[in-house]
Amino acid sequence: MAKNAPEGLITALDIGSSKVSALIAQKGDGGELVVLGTGQRESRGVQRGYIADMAATEVAVREAVEQAERIAGTNIEDVWVSFSAGGLDSNILRLEVDLGGHRVEQSDIDDLLRAGREAINPGGRMVLHAQPTRYTLDGLAGVKQPRGLHAERLGVDIHVVSTEGAPVRNLDLCVRSAHLEVKSIIAAPVATGLACLSEEERELGVALVEIGAGVTNVSVYKDGVLTGLSSIGSGSADITDDIASAFGTRRGQAERMKCFYGSANMTPRDNHDMIDVAPANPEDESEGARITRAALIAVIRQRLDRLMVEIGKELTRLNFADPVGRQIVLTGGGAELKGIADYAQQALGRSVRVGRPRGLTALPEAHAGPAFATLAGLATFAAADPVDLRALEPSRGQLVVRSNPKAMIQRMMAAFRANY
C-alpha cells in the first residue's frame, strides 16, 4: 500500500508527442536528488507538443504517474510539468535604478525586482518564467550578489519566457483532470538545459538542440543565460513516418527499423545488409519486402538533411553564427539515432555532442538517455526553486531610497524605459 508523500518530494511530468513520463525524486542528506520511481506511457493525445485529445492525454498522465507511485511506494499530489510546444519566446529585460552611492541593501534589491515585475509587458502572451539572472553595478555585469557593495547604479537582467496562453491552459486543465495539482509549468528548453549543460558551457556560449518526436527546440545560452529560443515543427516522428511511407509498413515497424537498423551515417557494408519489412496490413499473408540497410539510411538522411538546414537557419537567427568555439549539444529522443552527432557536426560545421541527463542519483538506465533530459531537468529546476518575479507582490506606491531624493523618480521612470 502506497504511503503519503514525505516532505520535500518532487514529481516531474513530461508530456511529449510520443510519450508521457513521470519521475519522483527526493533530496538526499547531501542535497543530491535521489530518484525514487519513474513511469512512462505512450502519448496518444499530443500533436507537435499541443494537447489534441484531452481524454487520451489524461489517461496517459494518470497511468505514468501511477506507475511511478507504485515503484516509489508513495502517493503524490502535485507535479512540475513541462511545456514543449512551439511559440515559446525568450527575452532579457534590463532594468537599472539610481542608488546615489550608498551600500546595496536587501530592500534596494527587493524594490528593483518589484519594479522589474511591473515592467514586464508580454503583449497579451502568457509569462512562464520571469527570473532575475544577474545584477549590474555601475555597468559592471555578472554580479551574482550585490548586497553590501557600494554603487551609484544598480541594475538587473530578467529572463522572461512567454508563449500563447491557450495551449498552456489546456495542458494545465489536462493535468488537473487527472487529479493532480500543478506546482508550475516549465518551458521544456529551460529544464533541458539544466539537465544537459554544465554551468561553464552556459557561460562560454552553447546551443542546445532538442529533437523531440514532433517538435525540435533550438535554444542558445550565453554568459550563463538562455538568450533566445525557437521551435521547428518537425522531429524524429517525421523520420518514422517517412520510413513507413517509403517501404509500405506500419508506424510501429518503421520505428523499430529506425531504432535497430537506422543510422545517420552510411558505410559500404550497408549495401549488403538486408532488412525484412513487415507489410502495412497485418492480415496480409504475403511475405514482406526486403530492403538494404543503405536504402533505410537514405530515407533517414533525407529528412535529417532538411531538419539540419532549418536548425542552421534558427541558429543564425538567434545570433549563433560564429562557429569558432561554439558548441552544439543534441538531446531529445531524436538524439538517440546512431551516428547523429558526427552527422550534425559535418552538416552544421561545429563541434557537436549528445547531451544526457546528469545530476540525479539512482536514475534507471532506461531513463538515462537523451530522450529523458527534459524530465530530469524538471526535477533539477524544482529542487533549485529559483526566484520568479511573478510571485512577488506588486509595489505599493513609491519606492523608498535613503540617500538620493532624485532616485525615487528615476526608479519609477526606469520601468517605463525598460525594453526587451
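Everything discussed here concerns the structure shown above.
Residues numbered from 1 in each chain as written. Predicted model: local features only at pLDDT ≥ 70, side-chain atom pairs only at ≥ 80, totals over all residues. Heavy atoms only, no water.

Caption draft 1: Geometry of the overall build of the protein chain. Helix and strand content of the protein chain: eleven helices and 19 strands. In the protein chain, which comprises 420 residues, the proportion classed as buried is 51%. Within the protein chain, contacts between residues separated by at least 24 positions form 69% of all contacts whose residues are at least 6 apart in sequence. Summing over all exposed atoms, the protein chain offers an accessible surface of approximately 19600 Å²; the carbon and sulfur share of this is 48%. (Helix = DSSP H or I, 4+ residues; strand = E, 2+ residues; numbered from the N terminus. Buried < 20%, exposed > 50% of the residue type's maximum accessible area, 1.4 Å probe, protein only. Contact = heavy atoms within 4.5 Å. Areas by Shrake-Rupley, 256 points an atom, 1.4 Å probe, with all protein chains shown as cover.)

Caption draft 2: Layout of helix H10 (residues 373-384). Taking 1.5 Å per residue as the helical rise, H10 with its twelve residues ought to reach 16 Å, and the 16 Å between its terminal C-alpha atoms agrees with that figure. Summarising burial for H10: ten of the twelve residues are buried, a large majority. Those residues of H10 that fall on the buried side of the exposure criterion are Ala-373, Thr-374, Leu-375, Ala-376, Gly-377, Leu-378, Ala-379, Phe-381, Ala-382 and Ala-383. One or two steps after H10, the chain reaches Asp-385, where phi turns positive at roughly 45°. (Expected span 1.5 Å × (residues − 1).)

Caption draft 3: Quick look at the sheet that holds strand E17 (residues 327-331). One open sheet accounts for five strands, arranged E14-E13-E12-E17-E18; its pairing is mixed. With one partner strand each, in any of the chains shown, strand E14 (225-232) and strand E18 (352-354) form the two edges of the open sheet. For this sheet the average axis-to-axis angle between neighbouring strands, irrespective of direction, equals 20°. As paired strands, strand E12 (residues 206-211) and strand E13 (residues 216-222) are joined by six bridges and run antiparallel to one another. Bridging across to E13, Val-206 finds its partner in Tyr-221. (Pairing = 2+ DSSP bridges. Axes fitted to C-alpha atoms, helices over the stretch in contact; angles between N-to-C directions.)

Caption draft 4: Representation of empty space enclosed by the protein within the structure. By the definition in use, this model includes one cavity of 30 Å³ or more. Considering only enclosed or pocket space, the largest cavity measures out at about 60 Å³ in volume. Taken together, Ile-15, Gly-49, Tyr-50, Ile-51, Ser-82, Phe-83, Ser-84, Pro-167 and Leu-171 make up the full set of residues lining the largest cavity. Counting only elements with at least two residues in the lining of the largest cavity, the list comes to strand E5 (50-51), strand E6 (78-83) and helix H3 (165-177). The residue inventory of the lining of the largest cavity, partitioned by class, reads six nonpolar, three polar and no charged. (1 Å grid on protein atoms, 1.4 Å probe; cavity = no way out; pocket = protein on both sides within 12 Å on 5 of 7 lines; lining within 4 Å. Points joined across faces, edges and corners; volume = space filled by probe spheres on them. Nonpolar A, V, L, I, M, F, W, Y, C, P; charged D, E, K, R; others polar.)

Caption draft 5: The pairing of strand E1 (residues 9-15), seen in detail. The buried count for E1 comes to seven of seven residues, which makes it a mostly enclosed element. Residues of E1 alternate between two faces, with Leu-9, Thr-11, Leu-13 and Ile-15 on one and Ile-10, Ala-12 and Asp-14 on the opposite face, all of them buried. Examined bridge by bridge, E1 and strand E2 (residues 19-27) share seven bridges and lie antiparallel to one another. Across the sheet, Leu-13 pairs through a bridge with Ala-22, a residue of E2. Between E1 and the antiparallel strand that follows it, E2, lie three residues. Bridge count for E1 against E6 is two bridges, and the pairing is parallel. Across the sheet, Ala-12 pairs through a bridge with Trp-80, a residue of E6.

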